[in-house]
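So the chains spell out like this:
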2 protein chains.
Amino acid sequence: MLADDASSPKQTKGARTARRILDAAEELFAQQGYDGTSLRQIAERVGIKEPGLYNHFAGKQALYEAVLFRALNPMAQALAQLMEDASQLRDYTDLPSVMTDILFEHPQMASLFQQGMQGDTNSTGNQLVNGWLEKLFNQGMHSMEEFGGVTATSSAGQTAQDRATLAINVIAMFNLTTGYFLAQRAFDSLAAGDLLDPDNIAKQKRLLHKVIRAMLIS
Amino acid sequence: MLADDASSPKQTKGARTARRILDAAEELFAQQGYDGTSLRQIAERVGIKEPGLYNHFAGKQALYEAVLFRALNPMAQALAQLMEDASQLRDYTDLPSVMTDILFEHPQMASLFQQGMQGDTNSTGNQLVNGWLEKLFNQGMHSMEEFGGVTATSSAGQTAQDRATLAINVIAMFNLTTGYFLAQRAFDSLAAGDLLDPDNIAKQKRLLHKVIRAMLIS
DNA sequence: CCTATAAATTATCGACCATTAATATTTTTC
DNA sequence: GAAAAATATTAATGGTCGATAATTTATAGG
């Protein structure tokens, strides 16, 4: 009643509770996974009864997909922005740093992305995350063909090798960037500090740059 | 009845079904998570009825912990072996490669380790994985103190910085090594190949070495 | 202000869950 | 081979799950 609930008065009441449902669901799905989270739990956190959720989302699966979609949106936008600006391969060096900034604002999203990547092939989460990785991968392939040498000299076998190497690098950077935020408890146990401390974020970014540089040299 | 069930005739019948339960549970827990896996499912895969599980494990939680313990054992042994042999910091360069070999034999274990690292602090899985990481971390701290310079010249603030940096590096290597095996579907989608192909494993190992080398230079 | 619509609640359903008790069967041991 | 112990089965219990229907309450638009 202070300034908590009546904030952002622009949207209608229904849209506001829908957003609050998404917020609660995002946090709980990230912390406990899909099966470990019940609609009762989400409703309780929002402050409504369980069937009230169905006025805003068709069901549990639809809610989960909505959460994933909203969470992945800033990532997709950041990649699209970078692809628009970047003209050469080197410009993609900043992507993990940008991703880290985004994940810093919503650390729990990292868990959702990992869940998506590990989900089965026909699940929405897997398709969303794989689609994002594919965009990045294809851009990398394109840059390599342009920059890396004359395509005519490359045999088909060489191309397959390049594809595999690039895929391994892309996956490694994805795991390195998202995995950092999944290790909060481990980091606290090891270094007795906070992973989200700006000093540590800066250290992680330096590491990401070092790894990218190591990747770019053959 | 062919040569499938009667294999490894040394152990008693009870011990053999217990092992088969562990095998089935490991695979299902890794693929679907703890909450996403039911005891019915495990029992069905083993070929017994659900209550039969209770003759071998006290309950679902106990079974999960037994799976984790058995899976983490080869990792712990590998680390202990390496700590025994290695005399200097450089010798730990091979650890990710050894871990990769172990995970190659049981790729689904990677998922269990990630689940453990992300679990809440008082869960058995989190304690097991954190304990393993702590051993590695402490060895790293010890090596740094021995090798990295005179301890008297290092201020307390410098030590805290070193701790944080080492923790970030250890976590990064863990994520890089285990995360590779969690990306099977993504890799297939990107490179249209098999992550477990020896060529790709070799590529991943080369990447791990490159990253370690990048870490060791300040 | 009044009405049409949106949103939230109560009550309830069938399905599946982990676990237990009682019983039957198999396996080990002497 | 018989007794003892281990292992498996059938049956049932209480609890939680996601989802639906019917109803009441709150909101928005004219």
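We now turn to the structure provided with this report. All values derive from a computational prediction rather than experimental measurement.

**Topic: the protein's contact with DNA strand D**
Now for step 1: Neighbouring DNA strand D are 19 residues, the closest being Leu-39 and Lys-60 of chain A together with Lys-49, Asn-55 and His-56 of chain B.
Now for step 2: Between DNA strand D and Ser-38 of chain A there is a distance of 3.3 Å, counted from a phosphate oxygen to a side-chain nitrogen or oxygen.
Now for step 3: Separating a phosphate oxygen of DNA strand D from a side-chain N or O atom of Lys-60 of chain A is a distance of 2.9 Å.
Now for step 4: Of all the secondary-structure elements, those providing two or more residues to the surface near DNA strand D are helix H2 (39-46) of chain A together with helix H1 (13-32) of chain B.

**Focus: the relation of the copies chain B and chain A**
Now for step 1: For the match of chain B to chain A, the screw axis carries a shift of 0.0 Å, the RMSD comes to 0.1 Å, and the turn is 180°. Taken together, the turn and the small shift mark the pair as related by a two-fold rotation axis.
Now for step 2: Both copies present the same face, since 100% of the interface residues in chain B are matched by interface residues at the equivalent positions in chain A.

**Focus: the interface of chain B and chain A**
Now for step 1: Between chain B and chain A, the contact holds 48 residues from the first and 48 residues from the second.
Now for step 2: With both chains or domains summed, chain B and chain A bury close to 3900 Å², and 65% of this area falls on carbon and sulfur atoms.
Now for step 3: Between the two partners, chain B and chain A, sit zero salt bridges.
Now for step 4: Counting every contact that joins chain B to chain A gives 14 residue pairs in polar contact (both at pLDDT 80 or more).
Now for step 5: Elements supplying a minimum of two residues to the side of chain B that touches chain A: helix H5 (109-118), helix H6 (124-147), helix H7 (156-182), helix H8 (184-191) and helix H9 (198-216) of chain B.
Now for step 6: The greatest single-element share of the side of chain B that touches chain A, amounting to 15 residues, is contributed by H7 of chain B.
Now for step 7: Of the residues that constitute the side of chain B that touches chain A, the class distribution is 22 nonpolar, 18 polar and eight charged.

**Some details on the packing of aromatic side chains**
Two descriptors summarise a pair of aromatic rings, namely the distance from one centre to the other and the angle between the planes of the rings.
Now for step 1: Overall, the coordinates contain ten aromatic pairs over all chains when judged by the stated rule.
Now for step 2: Where Phe-29 of chain B meets Tyr-34 of chain B, the ring centres are 5.8 Å apart and the plane angle is 15°; that geometry is what we call stacked.
Now for step 3: The class for Phe-29 of chain B is buried, based on a relative accessible area of 0%.
Now for step 4: With centroids separated by 5.1 Å and ring planes inclined at 75°, the aromatic side chains of Tyr-34 of chain B and Tyr-64 of chain B adopt a geometry described as edge-to-face. One end of the pair, Tyr-34 of chain B, is in the loop between H1 and helix H2 (39-46); the other, Tyr-64 of chain B, is in helix H3 (residues 60-85), with 30 residues separating them in the sequence.
Now for step 5: Exposure remark for Tyr-34 of chain B: the relative accessible area of 22% places this residue in the partly exposed category.
Now for step 6: By relative accessible area, which is 10% here, Tyr-64 of chain B ends up buried.
Now for step 7: Each member of the aromatic cluster is reached from another via a ring pair, and the members are Phe-29, Tyr-34 and Tyr-64 of chain A.
Now for step 8: Residue placement shows Lys-60 of chain A over the ring face of Tyr-34 of chain A; its charged tip is 4.4 Å from the ring centre.

**Re the protein's contact with DNA strand C**
Now for step 1: Around DNA strand C, a shell composed of 19 residues is seen, among which Lys-49, Asn-55 and His-56 of chain A together with Tyr-54 and Lys-60 of chain B lie nearest.
Now for step 2: Considering DNA strand C, the proportion of its atoms within 4 Å of the protein that are sugar or phosphate atoms stands at 62%.
Now for step 3: Lys-60 of chain B is positioned with one of its backbone polar atoms (N or O) 2.9 Å from a phosphate oxygen of DNA strand C.
Now for step 4: Listed by contribution, the elements that provide at least two residues to the surface near DNA strand C are helix H1 (13-32) of chain A together with H2 of chain B.
Now for step 5: Looking at the surface near DNA strand C, its residues break down into five nonpolar, nine polar and five charged.

**What about the nonpolar core?**
Now for step 1: Ranked by size, the top nonpolar core spans 131 residues in total, and within it Ile-42 and Leu-63 of chain A together with Ile-42 and Leu-63 of chain B carry the most contacts.
Now for step 2: When residues no more than four places from it in sequence are discounted, the contact partners of Leu-63 of chain B are Ile-21, Leu-22, Ala-25, Phe-29, Leu-39, Ile-42 and Phe-57 of chain B.

**A look at H9 of chain B**
For an α-helix, 3.6 residues make a turn, and residues three or four places apart therefore share a direction.
Now for step 1: Relative to the 27 Å expected for 19 residues at 1.5 Å per residue, H9 of chain B spans 27 Å between its end C-alpha atoms, a close match to the ideal helical length.
Now for step 2: Within H9 of chain B, the full set of buried residues consists of Asn-200, Ile-201, Lys-203, Gln-204, Leu-207, Leu-208, Lys-210, Val-211, Ile-212, Ala-214 and Met-215 of chain B.
Now for step 3: Tucked inside the fold, the buried residues of H9 of chain B contact helix H7 (156-182) and helix H9 (198-216) of chain A together with helix H4 (95-105), H7 and H8 of chain B.
Now for step 4: Capping the start of H9 of chain B, Asp-197 of chain B holds a side-chain oxygen 2.7 Å from the backbone nitrogen of Asp-199 of chain B, two or three residues further along.

**Topic: the pattern of salt bridges**
Residues and elements named next belong to chain A.
Now for step 1: In this structure the tally under the stated criterion is twelve salt bridges over all chains.
Now for step 2: Across the pair Arg-70 and Glu-26 runs a salt bridge, and its minimum N-O distance is 3.1 Å. Taken together, the positions of Arg-70 in helix H3 (residues 60-85) and Glu-26 in helix H1 put the pair 44 residues apart, joining distant regions of the chain.
Now for step 3: When its relative accessible area of 30% is taken as the criterion, Arg-70 is described as partly exposed.
Now for step 4: One salt bridge connects Glu-50 with Arg-40, and the closest N-O pair in it is separated by 3.1 Å. Taken together, the residues span a long stretch of sequence, with Glu-50 in the loop between H2 and H3 and Arg-40 in helix H2 at a distance of ten residues.
Now for step 5: What makes Glu-50 partly exposed here is its relative accessible area of 23%.
Now for step 6: Owing to a relative accessible area of 59%, Arg-40 belongs among the exposed residues under this scheme.

Rules used throughout
- Residues numbered from 1 in each chain as written.
- Chains lettered and ligands numbered in written order.
- Predicted model: local features only at pLDDT ≥ 70, side-chain atom pairs only at ≥ 80, totals over all residues.
- Heavy atoms only, no water.
- Near = heavy atom within 4 Å.
- Polar contact = N/O pair within 3.5 Å; in protein donor to acceptor, adjacent residues only side chain to side chain.
- Helix = DSSP H or I, 4+ residues; strand = E, 2+ residues; numbered from the N terminus.
- Least-squares fit on C-alpha atoms with pLDDT ≥ 70 in both.
- Contact = heavy atoms within 4.5 Å.
- Buried area = accessible area lost by both parts, 1.4 Å probe.
- Salt bridge = Lys/Arg side-chain N within 4 Å of Asp/Glu carboxyl O.
- Nonpolar A, V, L, I, M, F, W, Y, C, P; charged D, E, K, R; others polar.
- Phe/Tyr/Trp six-rings, centres within 6.5 Å; stacked < 30°, edge-to-face > 60°.
- Buried < 20%, exposed > 50% of the residue type's maximum accessible area, 1.4 Å probe, protein only.
- Lys NZ or Arg CZ within 6 Å of the ring centre and 35° of its normal.
- Core = buried A, V, L, I, M, F, W, Y, C linked by side-chain atoms within 4.5 Å.
- Expected span 1.5 Å × (residues − 1).

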